[in-house]
Amino acid sequence: MPEFLKKLLLWGFVAFLIYFMAFRPDGAAQMFKGIGAALMAIFQGLGDFLTGMMT
């Protein structure tokens, strides 16, 4: 992928996030809360797996 296109997509994504947080703060908060919960579940499962392998 050309470097210019990567930069354009990155800045477009950042602009979208800023717009989303400015005009839909409740929706943005719920989205980030859901992402955080999913990451916590993944790491909890990984921790449980590794603990199970050690015992």
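About the cut-offs
- Residues numbered from 1 in each chain as written.
- Predicted model: local features only at pLDDT ≥ 70, side-chain atom pairs only at ≥ 80, totals over all residues.
- Heavy atoms only, no water.
- Helix = DSSP H or I, 4+ residues; strand = E, 2+ residues; numbered from the N terminus.
- Buried < 20%, exposed > 50% of the residue type's maximum accessible area, 1.4 Å probe, protein only.
- Phe/Tyr/Trp six-rings, centres within 6.5 Å; stacked < 30°, edge-to-face > 60°.

Chemist: For this particular structure, what's the right way to read the environment of phenylalanine 23?
Modeler: Summarising the element assignment, phenylalanine 23 is placed in helix α1 (residues 3-23). Relative accessible area serves as the criterion here: at 59%, phenylalanine 23 is assigned to the exposed category.

Chemist: Got a minute to help me understand the packing of aromatic side chains in this structure?
Modeler: To describe a pair of aromatic rings, one takes the distance between the centres and the angle between the planes. Evaluation of the coordinates by the stated rule reveals two aromatic pairs. With a centroid separation of 5.8 Å and 10 degrees between ring planes, the pair formed by phenylalanine 16 and phenylalanine 20 is classed as stacked. Residue phenylalanine 16 and its partner phenylalanine 20 are located together in helix α1, separated by four residues, close to a single helical turn. By relative accessible area, which is 17% here, phenylalanine 20 ends up buried.

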